[in-house]
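Working through the structure, step by step
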Amino acid sequence: MKTTNVKAFGTAAADADLKELDINRREVTANDIEIEILYCGVCHSDLHTARNDWGGTMYPSVPGHEIVGRITKIGNEVTKFKVGDLAGVGCLVGSCKTCDSCKKDLEQYCSNGWVGTYNGEDKYLGGHTFGGYSEKVVVEEHFVLKVPTNLNLAAVAPLLCAGITTWSPLRHWNVKKGSKVAVVGLGGLGHMAIKLAKGLGAEVTLFSRTPEKTQDAKDLGADTVVISTDENQMSAVAGEFDLIIDTVPYVHDINPYVGTLNISGTLVLVGYLGPLDPFLNSVPMILGRKSVAGSLIGGIAETQEMLDFCGEHNIVSEIEIIKMQDINKAYERMLKSDVKYRFVIDMSSL
Ligand code: NAP
Ligand code: ZN
């Protein structure tokens, strides 16, 4: 298959810095779209993958799954896009399209394995997929999104992961006007969860370890901020919430949050991946028909729904634009929760 050489930024090992490298992108096939990447958001999953926190990272690793850019080439069977259009690519670039999940627009739960934008199996060239920290990407039309043109394009990029990952549970658990929603952790996902829950009409509370974030949270739309290390503040919200979206990236005790769920309420983990420690206590779950659940990104149709909603409601991410060369510093700052509230790489700096 014909390929072109593209400049990218990635890492050769879990303990190495990211630096410039070359990768191959395929020439567009009949259903493909080539996008010149203008901006790419920086997700905590990029850091987890670059540093092999979850195991299974294939190197060299080129992260990035919050991509917006301009279409530079299309295959001859592409129907929904034309050269020159703006486009977005999120976490998904492939799935079987025939299994039950795919038929229900839940490509992220494809029974035959969805293809991640990075660290996925490259079905065209062999090897693994490379993400958005690069000049260009080539993606099958089905997995390309239309981005709203009335919003700041750089601030739209984080919607492609942070936005959809929080939108999907809000929609699945039917959040609407009057719902009581809480969000754990004010980072990239957390700040989008506040904005989107608010956009749907919910009453929103933020749980944070960081009292200094209180004013920002309120500016972003939170009605209430609870400092999670303060037991009095925690017991004041016992039994309150219909839905809690927990975005914390590392292992932590979720039992105190279960106590703040209302009867039949659900706590959805979207951040931490792995065994819980300490164990989950089933007593409040059984006595209050409460659930602890998980959720993975969102399907393509749902991502488009979220982007359209953001266009209509003027919702974008709060961003700090960085140059590609600053990515290693940005990762260090992200580990210290020193991000307001999403880094976005200006790809013209590569
Ligand atoms: P982020 O911007 O770094 O935000 C995480 C927030 O969690 C922090 O701002 C902090 O908020 C809070 N936190 C609590 N304990 C922490 C700790 N020990 N270290 C760091 N932060 C801590 O991360 P993100 O990009 O929002 O991603 C959050 C998690 O979601 C990551 O694990 C990421 O891999 C995962 N993710 C999952 C999906 C999915 O499909 N399920 C999709 C995308 C990302 P406070 O200061 O307010 O406490
Ligand atoms: Zn992400």
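Residues numbered from 1 in each chain as written. Chains lettered and ligands numbered in written order. Predicted model: local features only at pLDDT ≥ 70, side-chain atom pairs only at ≥ 80, totals over all residues. Heavy atoms only, no water.

1. Description of the domain arrangement of the protein
As far as domains go, the protein holds domain 1 (3-161 + 319-349) and domain 2 (162-294). Around 1200 Å² of area is buried between domain 1 and domain 2 when both sides are counted, 53% of it from carbon and sulfur atoms. At the junction of domain 1 and domain 2, the tally comes to one salt bridge. Run the count over domain 1 and domain 2 and you get 13 residue pairs in polar contact (both at pLDDT 80 or more). Residue contributions to the side of domain 1 that touches domain 2 peak at three residues, all from helix H1 (residues 44-50). The class makeup of the residues in the side of domain 1 that touches domain 2 is eight nonpolar, four polar and four charged. (Domains from an automatic or database assignment. Buried area = accessible area lost by both parts, 1.4 Å probe. Salt bridge = Lys/Arg side-chain N within 4 Å of Asp/Glu carboxyl O. Polar contact = N/O pair within 3.5 Å; in protein donor to acceptor, adjacent residues only side chain to side chain. Helix = DSSP H or I, 4+ residues; strand = E, 2+ residues; numbered from the N terminus. Nonpolar A, V, L, I, M, F, W, Y, C, P; charged D, E, K, R; others polar.)

2. Some thoughts on the coordination of the zinc ion (ligand 2)
Donor atoms from the polypeptide that bind the zinc ion (ligand 2) are Cys43 (SG), His65 (NE2) and Cys161 (SG), placed at 2.0 to 2.2 Å. Taken in chain order, the donor set of the zinc ion (ligand 2) reads C-x21-H-x95-C. One end of the pair, Cys43, is in the loop between strand E3 (32-41) and H1; the other, Cys161, is in the loop between helix H3 (153-156) and helix H4 (162-172), and 118 residues separate them in sequence. Residue Cys43 is classed as buried on the basis of its relative accessible area of 3%. Given the relative accessible area of 4%, Cys161 is considered buried. (Donors = N, O, S within 2.8 Å, 3.2 Å for Na, K, Ca; no water. Buried < 20%, exposed > 50% of the residue type's maximum accessible area, 1.4 Å probe, protein only.)

3. A short note on the sheet that holds strand E14 (residues 291-294)
The strand order across the open sheet formed by six strands is E11-E10-E9-E12-E13-E14, and the pairing between neighbours is parallel. The two strands at the open ends of the sheet, each matched to only one other strand, are strand E11 (224-227) and E14. Strand-to-strand twist across the sheet, computed as the mean angle between neighbouring axes with direction ignored, equals 20°. As defined by bridge partners, strand E10 (residues 203-208) adjoins E11 across four bridges and the pair is classed as parallel. By the bridge assignment, Thr205 is partnered in E11 with Thr224. Packed on one face of the sheet, H4 meets strand E9 (180-184), strand E12 (241-246) and strand E13 (261-269) and runs near 160° to E12. (Pairing = 2+ DSSP bridges. Axes fitted to C-alpha atoms, helices over the stretch in contact; angles between N-to-C directions. Contact = heavy atoms within 4.5 Å.)

4. A few points about the site of ligand 1
By nearness alone, 28 residues border ligand 1, and His44, Ser208, Thr210, Lys213 and Arg342 come closest of all. Taking His48, its side chain carries an N or O atom lying 2.9 Å from an oxygen atom of ligand 1. Between ligand 1 and Leu189, the relevant distance is 2.8 Å, taken from an oxygen atom to a main-chain nitrogen or oxygen of the residue. Protein coverage of the free-state accessible area of ligand 1, which is 910 Å², stands at 91%. Only H1 and helix H5 (188-199) provide two or more residues apiece to the shell around ligand 1. No other element matches H1, which puts three residues into the shell around ligand 1. Considering only residue class, the shell around ligand 1 consists of 12 nonpolar, 13 polar and three charged. (Near = heavy atom within 4 Å. Areas by Shrake-Rupley, 256 points an atom, 1.4 Å probe, with all protein chains shown as cover.)

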